[in-house]
Amino acid sequence: MTLTVLTPPELVEEDPLDLMDEIDALKKEKDAVILSHFYVDGDLQEIADFTGDSLKLARDATTVTAGTIVFCGVHFMGESAKILSPDKRVLMPDLQAGCSLADSCPADKLAAYQQELRAKGHDFQTVAYINTTAAVKSLCDWIVTSGNAREIIDRVPADKEILFVPDQHLGRYLSEVTGRKMILWPGSCMVHEVFSIQDLLRAKRNNPGSIILAHPECPHSILEHADMIGGTEKMRQYVASVKEPTKFLVATEANMIYPLQKLAPWHEYLPVPGIMASTGETCACNRCPHMARNTLQKVRNCLRDGKPEIEWQPYFAKAQDVLRRSLLK
Ligand code: 13P
Ligand code: SF4
């Protein structure tokens, strides 16, 4: 008897160049544009019509004239694009691309905590990082990204306390730079949480004159050694402003090196390694497994099939108010 083993279609190897050509043709045929976050693979940044950080991509989504947006990023980003551009069809290569920060703050838990704080007499506004679900956003007064956080915090009336969700590290950093006292939700990003401070310090010692760039999602132990703290767009602007060839140690998702290299190729970029909490070993955990769900094959498939799609939900309407107020005004 002959046994035939079938390979699932997603595991069949396809030539990346053929896939890119197919994607280009499908974009025209389906009247679609591609938005790619800086943390997806370089190939997906190359085929994009817009690349950027969370703030820029959310804004870009509102300027698109095509009928369909394909969002190469994670779920909360596609959701925000749909909320800000409800007339567009928003497709995602993989709807399972989530985010550990968004997962750490379920809407029912946040609502219960807000009620508890009010019952204890706290007079506060809730500020959420954009890395949250739409259901959480609908419970908040303001949304921040790494690109506009300081400016938004300044809009919270001085007599109000601030409940900051869900990233404790970003919240602590913002509290330090703005001088505002904050009640912090205990969430964190699985990628930025694991940078190895020991390896960072070794890399710094072995590369004299190098500059450490760190995303504010990193824990305090990393941020205190950073020469520049900023979101992904700020990192780009910073390296472009340094004209002297320099070595940069990059403490954020490792794909970020792709746009840095593209914009300022005269520098050298070294990724800061992560460390596995269970074994203490250095690992490649500076790659976001959710962002990694985006592939050329899945982009082609979602363009071809018109799915999976982010469907409008009734609770998006409330999240729309807060997103528009925070990101577009
Ligand atoms: P920014 O691109 O806004 O800096 O965000 C980083 C991030 O973690 C996105 O998930
Ligand atoms: Fe979420 Fe962290 Fe991945 Fe960004 S890098 S999508 S914050 S898990």
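Residues numbered from 1 in each chain as written. Chains lettered and ligands numbered in written order. Predicted model: local features only at pLDDT ≥ 70, side-chain atom pairs only at ≥ 80, totals over all residues.

1. Points about the overall build of the protein chain
Part 1 of the argument: Counting secondary structure elements, the protein chain contains 15 helices and 14 strands.
Part 2 of the argument: Here the C-alpha radius of gyration of the protein chain, 21 Å, is about what a compact globule of 329 residues would show, namely 20 Å.
Part 3 of the argument: Overall, the protein chain is about 70 × 55 × 50 Å in size when its C-alpha atoms are taken along their principal axes.
Part 4 of the argument: Across the protein chain, contacts joining residues at least 24 apart in sequence account for 65% of those joining residues at least 6 apart. (Helix = DSSP H or I, 4+ residues; strand = E, 2+ residues; numbered from the N terminus. Rg over C-alpha atoms; globule rule 2.2 N^0.38 Å. Contact = placed C-beta atoms within 7 Å.)

2. Let's talk about the site of ligand 2
Part 1 of the argument: Around ligand 2 sit 13 residues, and of these Cys99, Ser100, Cys189, Val191 and Cys288 come closest.
Part 2 of the argument: When grouped by side-chain class, the residues that make up the shell around ligand 2 number 9 nonpolar, 3 polar and 1 charged. (Near = placed C-beta within 6 Å. Nonpolar A, V, L, I, M, F, W, Y, C, P; charged D, E, K, R; others polar.)

3. Observations regarding the site of ligand 1
Part 1 of the argument: Taken together, the neighbourhood of ligand 1 is formed by Phe38, Asp53, Ser54, Leu55, Asn131, Thr145, Ser146, Gly147, Cys189, Glu217, Gly231 and Thr232.
Part 2 of the argument: Looking at side-chain class alone, the shell around ligand 1 contains 3 nonpolar, 7 polar and 2 charged residues.

4. Some remarks on the sheet that holds strand E10 (residues 228-229)
Part 1 of the argument: Read from one edge of the open sheet, 4 strands run E10-E9-E11-E12, paired in parallel fashion. Strand pairing shows two members of the sheet lacking a second neighbour, E10 and strand E12 (268-271), which therefore form its edges.
Part 2 of the argument: Of the pairings in the sheet, the one linking strand E11 (residues 247-251) to E12 comprises 4 bridges and is parallel in character. Bridge pairing links Lys247 to Glu268 in E12.
Part 3 of the argument: The sheet strands contacting helix H10 (residues 197-206) are strand E9 (211-214), E11 and E12, and the helix crosses E11 at an angle near 175°. (Pairing = 2+ DSSP bridges. Axes fitted to C-alpha atoms, helices over the stretch in contact; angles between N-to-C directions.)

5. Notes on the domain arrangement of the protein chain
Part 1 of the argument: Once the domains are mapped, the protein chain shows domain 1 (9-97 + 292-312), domain 2 (102-188) and domain 3 (192-287).
Part 2 of the argument: Spacing between the C-alpha centres of domain 2 and domain 3 amounts to 26 Å.
Part 3 of the argument: Facing the 9 residues of domain 2 at the interface are 12 residues of domain 3.
Part 4 of the argument: Class assignment of the residues belonging to the side of domain 2 that touches domain 3 gives a composition of 2 nonpolar, 5 polar and 2 charged. (Domains from an automatic or database assignment.)

6. Structural notes on the pairing of E9
Part 1 of the argument: Strand direction decides the pairing type here: E9 and E11, joined by 4 bridges, are parallel. Along E11, the bridge assignment pairs Ile212 with Leu249.
Part 2 of the argument: Pairing of E9 with E10 involves 2 bridges; the strand directions are parallel. Bridging from a neighbouring strand, Ala214 pairs with Ile229 of E10.

7. A word on the pairing of strand E1 (residues 32-37)
Part 1 of the argument: Taking burial as the measure, the 6 residues of E1 include 6 buried ones, the bulk of the element.
Part 2 of the argument: Because side chains alternate across E1, one face comprises the buried residues Ala32, Ile34 and Ser36, and the other comprises Val33, Leu35 and His37, equally buried.
Part 3 of the argument: Direction of pairing for E1 relative to strand E3 (residues 68-72): parallel, over a ladder of 5 bridges. Across the sheet, Ala32 pairs through a bridge with Thr68, a residue of E3.
Part 4 of the argument: Here 3 bridges tie E1 to strand E2 (residues 50-52), and the two strands are oriented parallel to one another. Counterpart to Ser36 in the pairing with E2 is Thr51. (Buried ≥ 20, exposed ≤ 12 C-beta atoms within 10 Å, placed from the backbone.)

8. Points about the environment of Met182
Part 1 of the argument: Position of Met182 relative to the elements: it lies in strand E8 (residues 182-184).
Part 2 of the argument: Taking the C-alpha atoms as reference, Met182 lies 9.8 Å from Thr126; in sequence the two are 56 residues apart.
Part 3 of the argument: Setting aside anything within four residues of it in sequence, one finds Met182 in contact with Ile162, Phe164, Gly171 and Ser175.

9. Points about the sheet that holds E3
Part 1 of the argument: The sheet built from 4 strands is open, its strands ordered E2-E1-E3-E4 with parallel pairing. The sheet is open, and its two edges are formed by E2 and strand E4 (89-91), each paired on a single side. Within the sheet, the average angular offset between the axes of one strand and its neighbour, ignoring direction, is 20°.
Part 2 of the argument: For E3 and E4, the ladder comprises 3 bridges, and the chain directions are parallel. Looking across to E4, one finds that Val70 is bridged to Leu91.
Part 3 of the argument: Of the strands in this sheet, E1, E2 and E3 are in contact with helix H3 (residues 54-61), which crosses E2 at around 150°.

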